[in-house]
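Observations on chain architecture
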Amino acid sequence: MEILNKLLYKAEKRYSNSTITGCMVTFISIIGASINTNTALSKGILALTDKQISPIAAHSSMRNVNVQFVVEDKYYKAAICALHSEFINQSENTTRKIA
């Protein structure tokens, strides 16, 4: 919070005619090898919104190894749980069915 306050102070001082707001966010990644990033991106957004978490930003890499989501800091644990449930629990269920 201290760093955010310093940053806001400097921005307000430099741009005195502007209204500047800020909030703490968390950055969560789904990492894998040769994942379909478009599918992971859409499934991740749906998993978050199903838990009433609105992503601030989302990004998928061109290398098909990771997808990132930015959410408000207060949703950190809930977002991790939602994504874990969508990706980890689903893959464990698939593994069990195949085996």
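Cut-offs used in this document
- Residues numbered from 1 in each chain as written.
- Predicted model: local features only at pLDDT ≥ 70, side-chain atom pairs only at ≥ 80, totals over all residues.
- Heavy atoms only, no water.
- Salt bridge = Lys/Arg side-chain N within 4 Å of Asp/Glu carboxyl O.
- Helix = DSSP H or I, 4+ residues; strand = E, 2+ residues; numbered from the N terminus.
- Expected span 1.5 Å × (residues − 1).
- Buried < 20%, exposed > 50% of the residue type's maximum accessible area, 1.4 Å probe, protein only.
- Arc of directions from axis to C-beta.
- Pairing = 2+ DSSP bridges.
- Axes fitted to C-alpha atoms, helices over the stretch in contact; angles between N-to-C directions.
- Contact = heavy atoms within 4.5 Å.
- 1 Å grid on protein atoms, 1.4 Å probe; cavity = no way out; pocket = protein on both sides within 12 Å on 5 of 7 lines; lining within 4 Å.
- Points joined across faces, edges and corners; volume = space filled by probe spheres on them.

1. A short note on the pattern of salt bridges
- Counted according to the given criterion, the structure contains 2 salt bridges.
- Note that lysine 74 is salt-bridged to glutamate 72, the shortest N-O span being 3.9 Å.

2. Topic: helix 1 (residues 2-14)
- An ideal rise of 1.5 Å per residue puts 18 Å on 13 residues; helix 1 measures up with 18 Å between its terminal C-alpha atoms.
- Within helix 1, burial applies to Leu4, Leu8 and Ala11. Viewed end-on, helix 1 has its buried residues packed into an arc of 65°, placing them on one side of the element. Those residues of helix 1 that are exposed and aimed more than 90 degrees away from the buried face are Glu2, Ile3, Tyr9, Lys10, Lys13 and Arg14.

3. Re the sheet that holds strand 2 (residues 57-60)
- Spatial ordering of the open sheet is given by 1-3-2, a layout of 3 strands whose pairing is antiparallel. For this open sheet the edge positions go to strand 1 (25-31) and strand 2, each flanked by a neighbour on one side alone. Averaged over all pairs of adjacent strands, the angle between strand axes in this sheet comes to 15°, irrespective of strand direction.
- Running over the sheet, helix 2 (residues 37-50) touches strand 2 and strand 3 (66-72) and is turned about 25° from strand 3.

4. Section: the layout of surface pockets
- Estimated volume of the largest pocket: approximately 180 Å³.
- Around the largest pocket, the lining residues are Ile28, Ser29, Ile30, Ile31, Ile80, Leu83, His84, Phe87 and Ile88.
- Of all the secondary-structure elements, those providing two or more residues to the lining of the largest pocket are strand 1 and helix 3 (76-98).
- Residue contributions to the lining of the largest pocket peak at 5 residues, all from helix 3.

5. Focus on the pairing of strand 1
- Only one face of strand 1 is covered, namely the one carrying Thr26, Ile28 and Ile30; the face carrying Val25, Phe27, Ser29 and Ile31 has none of its residues buried.
- In the sheet, strand 1 pairs with strand 3 via 7 bridges, with the strands oriented antiparallel. In the strand pairing of strand 3, valine 25 is matched with glutamate 72.

6. Some thoughts on the side chain of threonine 37
- Looking at where threonine 37 falls in the secondary structure, it is placed in helix 2.
- Using a relative accessible area of 5% as the deciding quantity, one classes threonine 37 as buried.
- Leave out the neighbours within four places in its chain, and threonine 37 touches Ser60, Ser61, Asn64, Val65, Asn66 and Val67.

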